Amino acid sequence: MRHDLYNLIEDGITPEEVLSKNTPVRRSVEIKGEVTKDVVEELSKIKREPDWMMRLRLRSLELFNKLPTPNWLPNWVLDNINLEDYISYARPDVNRSSNWDEIPPEVRQYYEALNIPEIEARALMGLGAQLDSEIIYINIRKQLAEKGVVVLPMEEAVQKYPDLVKQYFMRVFPPEHKFAALHGALWSGGVFVYVPPGVRIEAPIEGFFLISNAGEGQFEHTLVVADKGSYIHYIEGCSAPRLSKYSFHDGMVEIYAHEGAKVKFTTVQNWSRNVINFNNKRAIAERNAEVEWVEASIGSVASFVYPSTILKGEGAKTEITGITIANGKGHVKENGAKVIHDAPNTSSKVVNKSISANGGTAVYKGVVYVRRGARFARSHVTCDSLVLDGDSKAYTIPHDQVFDDTAVVTHEAYTGRISEDKINYLRTRGLTEEEAKSLIVLGFISDVTEGLPFEYAMVLNRVIMLEFSKYGKVA
């Protein structure tokens, strides 16, 4: 039976509850236990990788074992990332296809429950869907292939375009901290996108990632390369059923925008509440290139995501918009931004909006770095926090390093509560208190939803409204 996500959430059913009605997925291969050299070599052999990729994995493993544990992680998060207990690779017993009808019904129902095939048909130019550790569905419109656009599962790109992949893979984001190194050793799945010079893809391409079982690690790797003067909007969606114990997500996104290219990368992260989410995200922008990040973090019990852009070429620009919802006791959401101005006349804009409720903690951590010689660099950061009750917290931790006296770097931050006057006004118009609060929250984060395809914006708005009505009153 096909479901319509909008109708389901209209009835008060969350995405994780929808997914929980489905059955566990059978696996053809599963790797579990301590992450050792033998495990990494086994994973590489299963994927039939070239020697250079196996060497990259083993070098990443060496760094993982040498690098210190980040001191910015809460102790309870570290206590629940015991890698020996996690399944580090899970291949579902499904043949990859470009036709939904060829995906087994017991697997397809996960995506139909979230209305993914319908959204693909209405709004997307291409879609790659990952279940656990592997892409099981990938399809792009014929006109993209005719223009030379490449959209492939990451493993297939390693085989078909090794020279192109080697130029960028873990060079935009090298294994510089412990969990980036872990990703380099265990990565599996994800999507490779290459847009040729001058090609503009007006409708988005999406990668959708789903974790089906508890006690699982997911390490997908997405690489987007936009050649000179090209344009692409890539959407990343994430979800999971309600899990009996923690699962761990440690993905990576690398973007390279060549001269004059523009890349927009949107993430709608709606993991279930037993997922600990890391995502390593970085872009490099060449001369006059533009990179726009939009990060919407709704689900998961803990999330640590800091999209970053290196403005490498003169005139390069970046805009980073983040929305974080920490709703629930013990929930910790860190959604920040990092910008490095490495050339003259570069500009950056960071807008971060956080909402904390029912004992949740939302944190913005940001870095703006202007190198000496990055003449006339411009950067502006705005952080707005909405705290909905006395048990919740919001923190803003900016860090600016400016080494050129012609640069202008500004930062402003605001923390407030929902105005009682606004609530009372909306209640006089027939809304309940919860409906009034949800409406105010939606207005607070409209920067994110207005840039999404209609189908996504509609579902995201309803999920957010449900987030506050489902888990206790917001006082």
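What counts and what doesn't
- Per chain, residues are indexed from 1 in the order of the written sequence.
- pLDDT decides what is reported in this predicted model: residues at 70 or higher carry local features, side-chain atom pairs at 80 or more are listed and counted, and totals for whole chains, interfaces and linings draw on all residues regardless.
- The basis for the side-chain values is all heavy atoms of the structure; hydrogens and waters are excluded.
- Here a strand is any run of E in DSSP of at least two residues, a helix any run of H or I of at least four, and the numbering for each starts at the N terminus.
- Contacts are assigned to residue pairs that have any heavy atoms within 4.5 Å of one another.
- Exposure is judged per residue with a 1.4 Å probe applied to protein chains only, and the accessible area is read against the type maximum: over 50% gives exposed, under 20% gives buried, and values in between give partly exposed.
- The term polar contact refers here to a pair of N or O atoms within 3.5 Å; inside protein, the definition further demands a hydrogen-donor-capable atom paired with an acceptor-capable atom, and it admits residues adjacent in sequence only when both atoms are side-chain atoms.
- Picture the helix axis, draw a direction to every C-beta atom, and the arc is the one those directions span.
- Summary of the metric used: pLDDT quantifies the predictor's per-residue confidence within the range 0 to 100.

Participant: Would you take a moment to explain the side chain of His-258 for this structure?
Facilitator: On the secondary structure map, His-258 appears in the loop between β11 (247–257) and β12 (262–270). Other than its neighbours up to four places away in sequence, His-258 contacts Tyr-168, Val-225, Ala-226, Asp-227, Lys-228, Glu-286 and Ala-289.

Participant: Mind showing me how you'd approach the side chain of Glu-49 here?
Facilitator: As for its placement among the helices and strands, Glu-49 is situated in the loop between α3 (37–46) and α4 (51–66). Residue Glu-49 is classed as buried on the basis of its relative accessible area of 13%. Of note is the side chain of Glu-49, whose polar atom sits 2.7 Å from the side chain of Ser-44.

Participant: Looking at this structure, I do not really get helix α7 (residues 116–123). What am I missing?
Facilitator: Given 3.6 residues per helical turn, the α-helix brings residues three or four places apart onto the same face. When we look at burial in α7, the residues that qualify are Ile-116, Pro-117, Ile-119, Glu-120 and Ala-123. Viewed end-on, α7 has its buried residues packed into an arc of 165°, placing them on one side of the element. Of the exposed residues in α7, the ones pointing more than 90 degrees away from its buried face are Ala-121 and Arg-122.

Participant: So what exactly am I meant to see when it comes to the confidence of the model for the protein chain here?
Facilitator: Low pLDDT means the predicted atomic positions in that stretch should not be read closely. Within the protein chain, residue pLDDT values average 88, and 90% of them lie at 70 or more. In this model, residues 1–6 is a region of pLDDT below 50 whose contacts with residues beyond four sequence positions or in other chains number 16 contacts. The low-confidence segment residues 471–475, where pLDDT is below 50, has 18 contacts with residues more than four positions distant or belonging to other chains.

Participant: Honestly, unusual backbone geometry in this entry has me stumped. Any pointers?
Facilitator: Glycine aside, residues mostly have negative phi, and peptide bonds are mostly found in the trans state. The backbone of Asn-288 shows a phi angle near 60°, a positive value even though the residue is not glycine. Note that Asn-288 resides in the loop between β13 (275–285) and β14 (290–297). According to the relative accessible area criterion, Asn-288 is partly exposed, its value standing at 42%. Its identity is not glycine, yet Asn-345 carries a phi of approximately 55°, on the positive side. Relative to the elements of secondary structure, Asn-345 occurs in the loop between β19 (337–341) and β20 (347–357). On the basis of relative accessible area, Asn-345 is assigned to the partly exposed category, the value being 39%.

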